[in-house]
Number of protein chains: 2
Amino acid sequence: MTVTGPKGFRAAGVAAGIKASGALDLALVVNDGPQQAAAGVFTRNVIKAAPVLWSQEVLRHQRLRAVVLNSGGANAATGPGGFQDTHATAEKVAEVLDTGAIEIAVCSTGLIGERLPMDAVLSGVDTAAKALEATPESGLAAATAIMTTDTKPKQSWKSHQHGWSIGGMAKGAGMLAPNLATMLSVITTDAALEPDALDAALRAATRATFDRLDVDGGTSTNDTVLLLSSGASAVSPGLDDFTELLTAVSLDLVHQLRADSEGATKDVDIVVCGAASEQDAITVARTVAEDNLVKTALFGSDPNWGRVAMAVGRARAEVDANAVSITINGVTLFANGVPAADRSEADLSGRAIEIVIDLGVGASTTTVYTTDLSHGYVEENSAYSS
Amino acid sequence: MTVTGPKGFRAAGVAAGIKASGALDLALVVNDGPQQAAAGVFTRNVIKAAPVLWSQEVLRHQRLRAVVLNSGGANAATGPGGFQDTHATAEKVAEVLDTGAIEIAVCSTGLIGERLPMDAVLSGVDTAAKALEATPESGLAAATAIMTTDTKPKQSWKSHQHGWSIGGMAKGAGMLAPNLATMLSVITTDAALEPDALDAALRAATRATFDRLDVDGGTSTNDTVLLLSSGASAVSPGLDDFTELLTAVSLDLVHQLRADSEGATKDVDIVVCGAASEQDAITVARTVAEDNLVKTALFGSDPNWGRVAMAVGRARAEVDANAVSITINGVTLFANGVPAADRSEADLSGRAIEIVIDLGVGASTTTVYTTDLSHGYVEENSAYSS
């Protein structure tokens, strides 16, 4: 189950011919209501793709009838012509759904700097509109059509005992980064919430999930998470309940993104505690998560805490060299600035690795989700654009 | 020629038994005067190795009789015991040179978090003291003894027409990073300068050279550059003349460090111009230099300017998406926010790559020296600690 899990949504994924391979490359998610409330969060990269600029604009009205997504091209760094392409795509979707373009969000992913083959995109919208269904199969097709270097579709669906549910799909395997991964995600719900409540819940959920995924530091030009509410369950949950389930769905998607990220052989949680502030905790966790020497050591299943200490020490945060402790997979190897156990005591042979860094200077904590740096990452990213 | 190029210096490199391999692992550089003025710059990592803490302290007196350096262990994150080891090493060198420990700087490099085998270190000092010579061979032995994953020693020597010269050695192949690479360097001169002039020249030279080398973002716990003046030429050059030659020697060493860095197959200059401030230029250049998606594309000889644009856009600097231009190996691929040429026009098949990023918002400029990210880097760093 996925975006079509909650009541009131139809989806489709089709092969529009944008990808030379002939794979699925265009997805449509439609909210049939009765309400069309929506919220979105977007990349903080200054160089924003045309579909991001468009979708940010239409989201001002906090209402979306549909989202159209394509893989095979990011439509980023494409100038005014690229923006016109996004606009034309939204107009086309509006036409087939008999509504206004202002109710259509657009997402694109793929290579930066190339214009989209618009004939393929526009005829793909026609094909997708005819294929719209409220079935698990159509949700899966949509989740598959947004894949780039992903090896599998990412979907999640969780229901609440009071009769409403949240479903989601996501893509992203490289350029997974601070402040949203290279990543598109559409999340749907049949809970009935006002747009402002959706927005608050989405910001809280992404802050603890998508914003904490950091595979390679590469904040993309296209990152987008959209949340659409149909209200079809006729249930209006409390904001806390809704945020909790939304966070669970988001975390499920984040774990799937991490597990399938380019070349990853390890799922790594970087837990920072004892920080002077949450921002310090995040800064330290990200610095460690992005450190290539740490990441290559983890690829080698090597509990090289010295590299973790090095990364902690160079982070722009309050760090007291004599207060830092580092625990890897349950074994404290470095305590209050001195070695505490032989590194051989920590077993990193499995896929899951947890590094707990206690800064010992405060009470703030965070977790960042990352991976190792493997030959697979280098291979895939040195050959991607061709 | 190297640290023994300038008059007044002797050096030695010996196999003290710190490295299990039996390779050279302890170096001694002695300043026989007539003056012993010195200056140093050190890592900005908060977690500083014991020898860094020691050397910073003794440098307060701006005078050094000798520097002792070991590979085979960084003596970092080793607590009070590690500091005592450094102190004992300095005392031993002072004893054999019949001076005070306060005139002895100590540098260490190798794995973080392990104590040094002090019997080997101390007996190595005796051996090195007996081997001290003012010859190119002894300088080469010293440069060789400080190598870790370096495949070749790094040395430089440049003379001034007025009868003085500057020589230097350096090591560092991984953890090459902002604000000094994982890197040790000792630079000698027979020019006669006051300590404050040496300090000013060293800071100016490192700012434009060692501080601009960024292979993997990993600012080490041990980074040290020391400058020793013997005054043996009896010539006192002007500060500008001296700084110019010191910068040339430093840049020569930096180019050697980059060329030999772990797994590097490309020598990459990231030139940022048109920045609102020098700090902005540095921030953008470093963000691009550290971006794994950019680095893997370069490994694949792929002029993927879209990844460069992505990295520029996520840098914490003043960036106007419509003013950015990117030129790779002489071909402008992205101009004022829109594609300007097909990427196939830029030839990246050679080893040297220059990426010029014009931010178009100011007049500040900088260059950062980096490499690609290759299979070799992953291989070497996933197997290093064992």
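Here the structure is a predicted model, which means the values were calculated and not measured.

> Is there a simple way to think about helix 8 (residues 292-299) of chain B in this case?
Residue and element names in this part refer to chain B. The buried count for helix 8 comes to 7 of 8 residues, which makes it a mostly enclosed element. For helix 8, the full list of buried residues reads N292, L293, V294, K295, T296, A297 and L298. The N-terminus of helix 8 is capped by D291, whose side-chain oxygen sits 2.9 Å from the backbone nitrogen of L293.

> What's the story with the relation of the copies chain B and chain A in this structure? I'm lost.
With an RMSD of 0.1 Å, the operation that places chain B on chain A is a rotation of 180° combined with a shift of 0.0 Å along the axis. Here the copies are linked by what is in effect a two-fold axis. Taking the C-alpha atom as reference, chain B places B:H375 closest to the rotation axis, 2.9 Å from it. Both copies contact each other with a shared surface, as 100% of the interface residues of chain B are interface residues in chain A too.

> Would you mind showing me how to read the domain arrangement of chain A here?
Interfaces are often sized by the amount of accessible area the parts lose when they come together. All names here are of chain A. Along its sequence, chain A is organised into domain 1 (12-259) and domain 2 (267-381). Look at where the C-alpha atoms of domain 1 and domain 2 centre, and you get two points 32 Å apart. Contacts between domain 1 and domain 2 engage 18 residues on the former and 18 residues on the latter. Carbon and sulfur atoms supply 43% of the area buried between domain 1 and domain 2, which totals about 1,400 Å² over both sides. Summed over the shared surface of domain 1 and domain 2, the number is 3 salt bridges. Between E278 and R207 there is a salt bridge, with the nearest N and O atoms lying 2.6 Å from each other. Seen at the junction of domain 1 and domain 2, the total is 7 residue pairs in polar contact (both at pLDDT 80 or more).

> Before we go on, may I ask you to explain the interface of chain B and chain A in this structure?
Taken together, the contact between chain B and chain A spans 52 residues of the former and 52 residues of the latter. Summing the contributions of chain B and of chain A, the shared interface buries around 4,300 Å²; its carbon and sulfur component is 60%. Linking chain B with chain A are 2 salt bridges, by the criterion used here. One salt bridge connects B:R343 with A:E114, and the closest N-O pair in it is separated by 3.1 Å. The interface formed by chain B and chain A holds 10 residue pairs in polar contact (both at pLDDT 80 or more) in total. Elements with a contribution of two residues or more to the side of chain B that touches chain A: helix 2 (79-97), helix 8, helix 9 (305-314), strand 13 (338-339) and helix 10 (375-381) of chain B.

> I keep staring at the pattern of salt bridges and nothing clicks. Help me out?
Two side chains carrying opposite charge are able to pair once their charged atoms lie near each other. With the rule as written, the count across this model stands at 36 salt bridges over all chains. Members of the salt-bridge network, linked through shared partners, are A:R10, A:D32 and A:R65.

> Help me understand the nonpolar core, please; the structure alone is not making it clear to me.
Nonpolar side chains in soluble globular proteins generally cluster together in the buried interior. Within the largest apolar cluster, 183 residues are counted, with the highest numbers of intra-cluster contacts made by A:L69, A:I355, A:I357, B:L69, B:I355 and B:I357. Once residues lying within four places of it in the same chain are set aside, the contact partners of A:I357 are A:I270, A:V271, A:V272, A:C273, A:V288, A:V308, A:V312, A:V324 and A:S325.

> Please explain the sheet that holds strand 9 (residues 224-229) of chain B as it appears in this structure.
Whenever strands of a sheet pair, they do so through backbone hydrogen bonds, lying parallel or antiparallel. Residues and elements named next belong to chain B. Pairing within the open sheet is mixed, and its 5 strands lie in the order 3-9-8-7-6. The strands lining the two open edges of the sheet, one partner per strand, are strand 3 (37-42) and strand 6 (154-159). Between one strand axis and the next, the sheet turns by 10° as a mean value, whatever way the strands run. In the sheet, strand 3 pairs with strand 9 via 6 bridges, with the strands oriented antiparallel. Directly across from A39, in strand 9, lies its bridge partner L227. Set on the sheet, helix 4 (residues 136-145) makes contact with strand 6 and strand 7 (165-171); between it and strand 6 the angle comes to about 140°. Contacting strand 6, strand 7, strand 8 (184-189) and strand 9, helix 6 (residues 239-259) runs over the sheet at an angle of about 155° to strand 6.

> Please clarify how the UniProt feature "binding site: substrate" (unreviewed entry) in chain A should be interpreted in this entry.
Residue and element names in this part refer to chain A. According to UniProt, the positions carrying the feature "binding site: substrate" (unreviewed entry) are T148, K171, T182, E262, N381 and S386. Positionally, E262 belongs in the loop between helix 6 (239-259) and strand 10 (267-275). You can call E262 buried: its relative accessible area is 3%. Here N381 lies in helix 10 (residues 375-381).

> Just to check I follow, could you spell out the packing of helix 8 of chain B against helix 9 of chain B for this structure?
The geometry of a pair of packed helices is captured by two quantities: the angle between their axes and the separation between those axes. Residues and elements named next belong to chain B. One way to put it is that helix 8 packs onto helix 9 with a least axis distance of 9 Å and a crossing angle of 160°. Viewed along their axes, helix 8 and helix 9 adopt a mutual orientation that is roughly antiparallel. Of the two possible hands of crossing, helix 8 and helix 9 adopt the one that is left-handed. Here L293, V294, T296 and A297 of helix 8 lie close against helix 9, whose contacting residues are R307, V308, M310 and A311. Of the residues in the contact of helix 8 with helix 9, the class split is 6 nonpolar, 1 polar and 1 charged.

> Would you take a moment to explain the pairing of strand 7 (residues 165-171) of chain A for this structure?
The two faces of a sheet get side chains in turn, since along a regular strand they alternate between them. Residues and elements named next belong to chain A. Within strand 7, 7 of the 7 residues are buried, which leaves it mostly tucked inside the rest of the structure. Burial of strand 7 is two-sided: the residues S165, G167, M169 and K171 facing one way and the residues I166, G168 and A170 facing the other way are all buried. Linking strand 6 (residues 154-159) back to strand 7 in an antiparallel pair, the connection comprises 5 residues, with G163 at a positive phi of about 95°. Looking at chain direction, strand 7 and strand 8 (residues 184-189) are connected through 6 bridges and run antiparallel. Across the sheet, residue A170 finds its bridge partner in strand 8, namely S185.

> Whenever I open this one, the pairing of strand 6 of chain B confuses me. Can you help?
Where strand 6 of chain B lies against strand 7 of chain B, 6 bridges are found, and the strand directions are antiparallel. Opposite B:K154, over in strand 7 of chain B, you have B:A170 as the bridge partner.

> Where do I start with the sheet that holds strand 8 of chain A in this structure?
Residues and elements named next belong to chain A. Taken together, 5 strands build an open sheet; the order of strands is 3-9-8-7-6 and the sheet is mixed. Looking along the sheet, the strands with just one partner apiece sit at the ends: strand 3 (37-42) and strand 6. Averaged over all pairs of adjacent strands, the angle between strand axes in this sheet comes to 10°, irrespective of strand direction. Here helix 5 (residues 195-208) sits on the sheet and contacts strand 3 and strand 9 (224-229); the angle it forms with strand 3, its principal contact strand, is near 30°.

> How should I be thinking about the packing of helix 5 (residues 195-208) of chain B against helix 6 of chain B in this particular structure?
Residue and element names in this part refer to chain B. The contact between helix 5 and helix 6 brings their axes to 9 Å, and the two run at 45°. As far as their axial angle goes, helix 6 and helix 5 are oblique. As for the relative orientation of helix 5 and helix 6, their crossing is right-handed in sense. In this structure, helix 5 uses A197, L198, A200, A201, L202, A204 and A205 to contact helix 6, whose residues at the interface are L239, F242, T243, L246, T247 and S250. When its residues are assigned to classes, the contact of helix 5 with helix 6 shows 10 nonpolar, 3 polar and no charged.

> Please clarify how unusual backbone geometry should be interpreted in this entry.
Backbone geometry follows two general trends: most residues other than glycine have a negative phi, and most peptide bonds adopt the trans configuration. The omega torsion of the bond from A:G33 to A:P34 falls at 20°, within 30 degrees of zero and hence cis. As for its placement among the helices and strands, A:P34 is situated in the loop between strand 2 (26-31) and strand 3. Even without glycine at this site, B:N75 takes up a positive phi of about 50°. On the secondary structure map, B:N75 appears in the loop between strand 4 (66-70) and helix 2.

> Would you mind going over the side chain of A:D372 with me for this structure?
Residue and element names in this part refer to chain A. Note on placement: D372 falls in the loop between strand 15 (364-371) and helix 10. Notably, D372 is buried but unbridged: the nearest opposite-charge side chain belongs to K266, and the N-O separation is 6.3 Å. A polar atom in the side chain of D372 sits 2.4 Å from the side chain of T265. Residues in contact with D372, not counting those within four places in the same chain, are G263, A264, T265, K266, V268, K295, L298 and F299.

Rules and cut-offs
Residues numbered from 1 in each chain as written. Chains lettered and ligands numbered in written order. Predicted model: local features only at pLDDT ≥ 70, side-chain atom pairs only at ≥ 80, totals over all residues. Heavy atoms only, no water. Buried < 20%, exposed > 50% of the residue type's maximum accessible area, 1.4 Å probe, protein only. Helix = DSSP H or I, 4+ residues; strand = E, 2+ residues; numbered from the N terminus. Polar contact = N/O pair within 3.5 Å; in protein donor to acceptor, adjacent residues only side chain to side chain. Least-squares fit on C-alpha atoms with pLDDT ≥ 70 in both. Contact = heavy atoms within 4.5 Å. Domains from an automatic or database assignment. Buried area = accessible area lost by both parts, 1.4 Å probe. Salt bridge = Lys/Arg side-chain N within 4 Å of Asp/Glu carboxyl O. Core = buried A, V, L, I, M, F, W, Y, C linked by side-chain atoms within 4.5 Å. Pairing = 2+ DSSP bridges. Axes fitted to C-alpha atoms, helices over the stretch in contact; angles between N-to-C directions. UniProt positions renumbered as here; feature names shortened; annotations may be inferred. Parallel < 35°, antiparallel > 145°, perpendicular 65-115°, else oblique. Left-handed = near helix turned anticlockwise from the far one by under 90°. Nonpolar A, V, L, I, M, F, W, Y, C, P; charged D, E, K, R; others polar. Lys, Arg positive; Asp, Glu negative; His and termini not counted.

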